[in-house]
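Okay, here's what each chain looks like letter by letter:
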Amino acid sequence: MADKAESIDDVRRIIEDNDIEFIFASFGEVRGKSNAKLVPASQVEDLFSQGVGFAGFAAGEIGQGPHSPDIELIPDPASFRVVPWQPGLAHVIGDARVEGEAWPYCPRHILRQQVERARGLGFDFRIGFEAEFMLVDRDENGGLVIADRQDNWSKPCYDVKGLTRQYDFVTQLSRYVTELGWENYAVDHEDGNGQFECNVTFADALETADRAVFFRYMVETVAQQHGMLATFMPKPFTDNTGNGFHYTMSLWDRETETNLFADPNDSRGLGLSELGYRFSAGILDHARGYAALVAPTVNSYKRLKAGTDAVRTWVPVSMTYGGNNRTQMLRVARQGAIEDRTPDFSGSPYLGFAAALAAGLDGIERRLEIGEPNTANLYEFSPAQLRRKGLGVLPNSLIEAVHYLEKDDVFREAFGKVPTDGPDGSPGGGFEDFIDYYARLKQDEFHAINDIVTAHEVDRYLQFP
């Protein structure tokens, strides 16, 4: 079991007990990229008191230009972890600051603000994740292929032989998760060829987001050690299942440590309280704009398609909820927990978790009603049929999702304002909503990809019709 740090004193003790020589100190930018510097453990006092500097413009999308002052990473002791596969190495995550002040573009800061808002209402937001990934390789022509060439069954989910052939990888990953103290309870071969999932227990939202960042780094590193590439890309293959990043959410009473979403006497039979239903109603009410934050790439919407016998997707296409039914958006498979099947891991978990909490709290504050649960196989209905049944349909593209996000005042308020430069590029130009900044990034991303003429288009349209 991992030793949990709560203070700089705990960090010092863990360093000494584990002969830590170096520390990766990292922060995440808006698109989800993790940036780090390697700091000698002998500098731990300065690291935690003064932080470590980064050129923000070089680090990625975090609201800076080449003229901007440095990003200062101030580590959070609670995120300090010994790296299981590299003796003498630890990892710590922190918030980005600029000139000593919290930097409002920082995704971790945005999530922290929402978590504090929930705590002010008496709630602890707890969340777990199921992160699907594929083990892949390149063939002799450079094409992307499944690393295990024998993993070619039409329905490989839970295949014991597929799991056995990757036994060394999956058991090593499981041991590391356990060493980190995350209580790994299962590893399985998922529905896609070459696809796996490692399940871990839930925690406080900020802790879970930090875990998710480290988990992605760990899976990719361990896969490389085994001569493979691990990808969390939502849809790396046209004819294979996509990779999801499911959220399982609940609110807990801060005083009594009680799960406020659990109700064994629920009249709808799902074991969910009225508070849980209102939280769910909030997510459904904001689902279209929410999608831009939890399914944040062009490729995300190639995953969010209805399943067929030929290509199983296991993803939602409409804004619905119900029991143990994997064709809808919100699934209540066990008492007191809501699983959202929309998200993928192509962006920042901090922004995704913050969006889920903001939408859910809005549902609670507005006392939204959710209606009756869905029990149908939603893949059997066309979008037009879903609309006739009164079921909203999720966006078909990133640009559509961004359109709805820009209209969502709840997310605008939750994600706050960020500073902008003046007309001459000088600091102090004013402020804009973070959502507008994010929307521009995603609009540019959409056009950068959509404007490229592909080989498929040439094959189809060169001599049209």
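Presented here is an overview of the structure given in this document. The numbering scheme is per chain: residues are counted from 1 as the chain's sequence reads. The predicted nature of this model means local features are confined to residues of pLDDT at least 70 and side-chain atom pairs, given and counted, to a pLDDT of 80 or more, with totals for whole chains, interfaces and linings taken over all residues. Note that the side-chain values use all heavy atoms of the structure and ignore hydrogens as well as water.

**Digging into the packing of helix H8 (residues 274-285) against helix H11 (residues 349-365)**
Relative to each other, H8 and H11 sit at 120°, their axes nearing to 6 Å. It follows from the interaxial angle that H8 and H11 lie oblique. The two elements H8 and H11 meet at a crossing, and its hand is right-handed. Within the contact between the two elements, H8 uses Leu 275, Arg 278, Phe 279, Gly 282 and Ile 283 and H11 uses Ala 356, Leu 357, Ala 359, Gly 360, Leu 361, Gly 363 and Ile 364. Of the residues in the contact of H8 with H11, the class split is eight nonpolar, three polar and one charged. What counts as an axis is a line fitted to C-alpha atoms, over the stretch in contact for a helix, and the angles between N-to-C directions run from 0 to 180 degrees. The way it works is that DSSP assigns letters per residue, a run of H or I at least four long becomes a helix, a run of E at least two long becomes a strand, and they are numbered from the N terminus. Angles below 35 degrees are treated as roughly parallel, those above 145 as roughly antiparallel, those between 65 and 115 as roughly perpendicular, and all remaining angles as oblique. With the far helix as reference, a near helix turned anticlockwise by less than a right angle produces a left-handed crossing, and one turned clockwise produces a right-handed crossing. Throughout, a contact is declared for two residues whenever any of their heavy atoms are within 4.5 Å. Gly counts as polar in this scheme, as do all residues outside two lists: the nonpolar Ala, Val, Leu, Ile, Met, Phe, Trp, Tyr, Cys and Pro, and the charged Asp, Glu, Lys and Arg.

**A word on empty space enclosed by the protein**
Definitions used for this entry: grid spacing 1 Å over protein atoms alone; cavity, a set of points where a 1.4 Å probe fits but cannot get out; pocket, an open set with protein on both sides within 12 Å along at least 5 of 7 lines; lining residue, one with an atom within 4 Å of a point. Grid points are joined across faces, edges and corners, and a volume is the space filled by probe spheres set on the points. In this structure the tally under the stated criterion is two cavities of 30 Å³ or more. Estimated volume of the largest cavity: approximately 80 Å³. Along the wall of the largest cavity there are 13 residues; nearest its centre are Phe 27, Gly 28, Ser 34, Val 213 and Tyr 350. When contributions to the lining of the largest cavity are tallied by element, the ones reaching two or more residues are strand S1 (22-28), helix H7 (205-225) and H11. In terms of residue count, the dominant contributor to the lining of the largest cavity is S1 (three residues). Along the lines of polarity and charge, the residues of the lining of the largest cavity split into five nonpolar, five polar and three charged. Empty space within the second largest cavity amounts to approximately 40 Å³. What lines the second largest cavity is simply Phe 245, Tyr 247, Leu 293, Val 294, Pro 296, Asp 344, Phe 345, Gly 347, Ser 348 and Pro 349. Contributions of two or more residues to the lining of the second largest cavity are made by strand S14 (245-253) and helix H9 (287-294). Residues that form the lining of the second largest cavity fall into these classes: seven nonpolar, two polar and one charged.

**With respect to the packing of H9 against helix H13 (residues 398-406)**
Here H9 crosses H13 at 115°, and the two axes come no closer than 7 Å. H9 and H13 meet at a crossing whose hand is left-handed. Two secondary-structure elements touch here, H9 through Arg 288, Gly 289, Ala 291, Ala 292 and Leu 293 and H13 through Ala 401, Val 402, Tyr 404 and Leu 405. By residue class, the composition of the contact of H9 with H13 is seven nonpolar, one polar and one charged.

**Observations regarding the pairing of strand S4 (residues 71-75)**
Accessibility here uses a 1.4 Å probe with only protein chains present; expressed as a share of the type maximum, an area under 20% marks a residue as buried, one over 50% as exposed, and anything in between as partly exposed. Of the two faces of S4, only one is covered, namely that formed by Ile 71, Leu 73 and Pro 75; the face formed by Glu 72 and Ile 74 stays uncovered. Pairing of strand S3 (residues 52-54) with S4 involves three bridges; the strand directions are antiparallel. Within the sheet, the bridge partner assigned to Val 52 lies in S4 and is Leu 73. Across four bridges, the pairing between S4 and strand S6 (residues 89-98) is antiparallel. When the bridges of S6 are listed, Glu 72 appears paired with Arg 97. Pairing between strands is defined by DSSP: at least two bridges between them are needed.

**Here we look at the pattern of salt bridges**
What counts as a salt bridge is simple: a side-chain nitrogen of Lys or Arg found within 4 Å of a carboxyl oxygen of Asp or Glu. Using the criterion set out here, one finds 30 salt bridges in the structure. Residues Glu 207 and Arg 81 are paired through a salt bridge, measuring 2.7 Å at the closest nitrogen-oxygen approach. Taken together, the residues Glu 207 in helix H7 and Arg 81 in strand S5 (residues 81-82) connect sequence positions 126 residues apart. Accessibility classification places Glu 207 together with Arg 81 in one group, the buried group. For the salt bridge of Arg 108 with Asp 95, the shortest nitrogen-to-oxygen distance reads 2.9 Å.

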